[in-house]
Amino acid sequence: MNILVLGGDGFCGWPTALYLSDRGHDVTVLDNLSRRAIDLELEVQSLTPIRPLGERIRAWRSVSGRQIGFVRLDLATEHERLAAVLRELRPDAVVHFAEQRAAPYSMRSPQAKRYTVDNNVRATHNLLSALVTTGIDAAVVHLGTMGVYGYGWSGSAPIPEGYLTVKVPTPDGDVLREILHPANPGSVYHLTKTLDQLMFAFYAKNDLLRITDLHQGIVWGTQTTQTERDERLINRFDYDGDYGTVLNRFLMQAAIGHPLTVHGTGGQTRAFIHIRDTVRCIEIALQNPPSGAKPQVFNQVTETYRVDDLAKLVASLTGVDVAYLPNPRQEDQENDLNVRNDQFIALGLEPTTLSEGLMAECTHIATRYRHRIDPSKIIARSVWRAGMATSDDLAFEPVLDTPAEGGPRW
């Protein structure tokens, strides 16, 4: 297929672009490089050294013999340019990652809240509008989030894949209706993903756009088969309090001897997926587009864990202490999370589950690049409401020994 990957320079977008290119598809990345600008704003960089996008693309051509195109374009503000690109390239499919992806960053300040809404909502709508305007019949695959469901809203009941059948009382008796699962966003970021799914429902119904919305869990891991072929291709490894995902942060902290930072009780249950499964799920969704009329929704998760259980697991393997810190989020102290992922399993996904080997891979990377870590960026301090408590930096004894052959210490 001829595929556009929007946001293809990011944590999920870059390995997806490489994976699809490696599978023989013609890939063009569209990106405004805003994630790199946010690094400058936060004064923190990926733990792994990220090369300029042009160098990444040249490195991929060198190791694979395949070319990835690149268009620098702001999806939220350049509707006409987007339409022109669609007319020129006439893609068979569009993979949409071009959104500000961090819940903590979206709550960081009034400016970050407005940016997240302006970027995410306008980007999604511009894409849908441009597809209708140009008449390009491309299948859209969008990376959403499990957070649109809310954590704990369903109790212990399984969360279905996108839709819920309800009874509507009427004077003539109950009427069965299928609706989008009630949304319960927990941050401005999750709110934008909720608005996305409403736009998808409208454009699928009104214009018969073929849309798959992937409600993804928390991504962990860093490397894929493609990104590990050359250091210039290496993927992002965010560890800071705004962009670092919880398991990657634990593994980084263990690598340097920092206490594992559990914010709150750790009783929050979250859904997880390894980055290798993320790229595979995108391919499966591309191969199985809906016919139109309503969006197709997949729950893109492989397993669930309580945050405290993950911390204790990593601590038991590495000997690092666990520190319980004030929770900057407005959320329940504990929640259940029972997620259905039947569709991906039926379509051939073989889930990559949590293992010591894959955790060791992340710790190996963290150990290799630990000289790039700024300990002052580790604690999560973006609060959901003004005045909420946060922690000072934690005192710790840095790990100074060099593991055998640069490997992890377990």
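Each chain has its residues counted from 1, running along the sequence as written. Local features in this predicted model are restricted to residues whose pLDDT is 70 or higher, and side-chain atom pairs enter the listing and the counts only when it is 80 or higher, whereas totals over whole chains, interfaces and linings include all residues. Each side-chain value is derived from all of the structure's non-hydrogen atoms; neither hydrogens nor water enter the calculation.

Draft legend 1. Focus on helix H12 (residues 356-368). Counting from the N terminus, the helices are the DSSP runs of H or I reaching at least four residues and the strands are the DSSP runs of E reaching at least two. Expected span of a helix: the number of residues minus one, times 1.5 Å. For H12, spanning 13 residues, the distance from its first C-alpha to its last is 18 Å, which sits close to the expected 18 Å at 1.5 Å a residue. Within H12, the full set of buried residues consists of Leu358, Met359, Ala360, Cys362, Thr363, Ile365, Ala366 and Thr367. The elements touched by buried residues of H12 are strand E9 (218-220), helix H8 (246-256), strand E11 (269-274), helix H9 (275-287) and helix H10 (307-318). Think of it in three bands: with a 1.4 Å probe and only protein chains considered, a residue is buried below 20% of the maximum accessible area for its type, exposed above 50%, and partly exposed in between. Every residue pair with non-hydrogen atoms within 4.5 Å of one another is taken to be in contact.

Draft legend 2. Region of the structure containing the pattern of salt bridges. The term salt bridge refers to a side-chain nitrogen of Lys or Arg lying within 4 Å of a carboxyl oxygen of Asp or Glu. This structure, assessed with the given rule, holds 26 salt bridges. Between Asp39 and Arg35 there is a salt bridge, with its nearest N and O atoms 2.8 Å apart. Here Asp39 and its partner Arg35 are both found in helix H2 (residues 34-42), four residues apart, which amounts to about one turn of the helix. We note that Asp39, like Arg35, is buried. Put simply, Lys294 and Glu178 hold a salt bridge, and the shortest N to O gap is 2.5 Å. Here Glu178 lies in strand E7 (residues 175-180) and Lys294 lies in the loop between H9 and strand E12 (296-300), a separation of 116 residues in the sequence. Accessibility expressed as a relative area gives 38% for Lys294, which makes it partly exposed. Overall, the relative accessible area of 47% leaves Glu178 in the partly exposed class. Ionic contacts of the salt-bridge type, sharing partners, join the residues Arg35, Asp39, Arg101, Arg236 and Asp238 into one network.

Draft legend 3. Just empty space enclosed by the protein, in detail. In the cavity and pocket records, a cavity denotes points on a 1 Å grid over the protein atoms alone where a 1.4 Å probe fits but cannot get out, a pocket denotes an open set with protein on both sides within 12 Å along at least 5 of 7 lines, and lining residues are residues with an atom within 4 Å of a point. Grid points are joined across faces, edges and corners, and a volume is the space filled by probe spheres set on the points. This model, assessed by the stated rule, comprises three cavities of 30 Å³ or more. Estimated volume of the second largest cavity: approximately 40 Å³. If you trace the second largest cavity, you find it lined by Phe11, Arg101, Arg236, Asp238, Tyr243, Gly244, Thr245 and Asn248. For the lining of the second largest cavity, a count of residues per class yields two nonpolar, three polar and three charged. Polar here means any residue other than Ala, Val, Leu, Ile, Met, Phe, Trp, Tyr, Cys and Pro, which are nonpolar, and Asp, Glu, Lys and Arg, which are charged; Gly is therefore polar.

Draft legend 4. A look at the pairing of E12. Within E12, five of the five residues are buried, which leaves the element mostly enclosed by the surrounding structure. The side-chain alternation of E12 yields two buried faces, one formed by Gln296, Phe298 and Gln300 and the other by Val297 and Asn299. Sheet topology note: the strand E8 (residues 211-216)/E12 ladder contains five bridges and is parallel. Within E12, the position partnered with Thr212 by the bridge is Gln296. One requirement defines pairing of two strands: DSSP has to find at least two bridges between them.

Draft legend 5. Looking closely at the sheet that holds strand E3 (residues 68-72). Across the sheet, which stays open at both edges, the seven strands sit in the order E3-E2-E1-E4-E5-E8-E12 with parallel pairing between neighbours. The sheet terminates laterally at E3 and E12, the two strands that pair on one side only. Across the sheet, the mean angle separating the axes of adjacent strands is 20° when strand polarity is ignored. In terms of strand pairing, strand E5 (residues 139-143) meets E8 through four bridges, oriented parallel. Paired with His142 across the strands is Asp213, a residue of E8. To obtain an axis, a line is fitted to C-alpha atoms, over the contacting stretch when the element is a helix, and the angle between two such axes runs from 0 to 180 degrees between their N-to-C directions. Sheet contacts for helix H4 (residues 79-89): strand E1 (2-6), strand E2 (26-31) and E3; angle to E1, the most-contacted strand, approximately 160°.

Draft legend 6. Up close: H4. Residues of H4 that are buried: His79, Leu82, Ala83, Val85 and Leu86. In a view along the axis of H4, the buried residues occupy a sector of 160°, so they form one face of it. In H4, the exposed positions angled more than 90 degrees off the buried face are occupied by Glu80 and Glu88. Buried residues along H4 sit against E1, E2, E3 and helix H6 (110-134). Comment: arc refers to directions from the helix axis out to C-beta atoms.

Draft legend 7. Summary view of the environment of Asp240. If you trace the backbone, Asp240 turns up in the loop between E9 and H8. Along the primary structure Asp240 and Ala17 are separated by 223 residues, whereas in three dimensions their C-alpha atoms are 25 Å apart. The contact partners of Asp240, leaving out residues within four places of it in the chain, are Leu42, Val44, Arg249, Lys377 and Ile378. In protein, a polar contact requires one atom able to donate a hydrogen and another able to accept it; more generally it is a pair of N or O atoms within 3.5 Å, and residues adjacent in sequence count only if both atoms are side-chain atoms. In this structure the side chain of Asp240 is engaged in a polar contact, spanning 3.0 Å, whose partner is the backbone nitrogen of Tyr243.

Draft legend 8. Just the packing of H8 against H10, in detail. The contact between H8 and H10 brings their axes to 10 Å, and the two run at 25°. The orientation of H8 relative to H10 falls into the category roughly parallel. In this structure, H8 meets H10 at a crossing whose hand is right-handed. Across the interface between the two elements, Val246, Leu247, Phe250, Leu251 and Ala254 from H8 touch Val307, Leu310, Ala311, Val314 and Thr318 from H10. A class-by-class count of the residues in the contact of H8 with H10 yields nine nonpolar, one polar and no charged. Every angle not falling under 35 degrees, over 145, or within 65 to 115 is termed oblique; those three ranges are roughly parallel, roughly antiparallel and roughly perpendicular. Should the near helix be turned anticlockwise from the far one by less than a right angle, the crossing is left-handed, and should it be turned clockwise, the crossing is right-handed.

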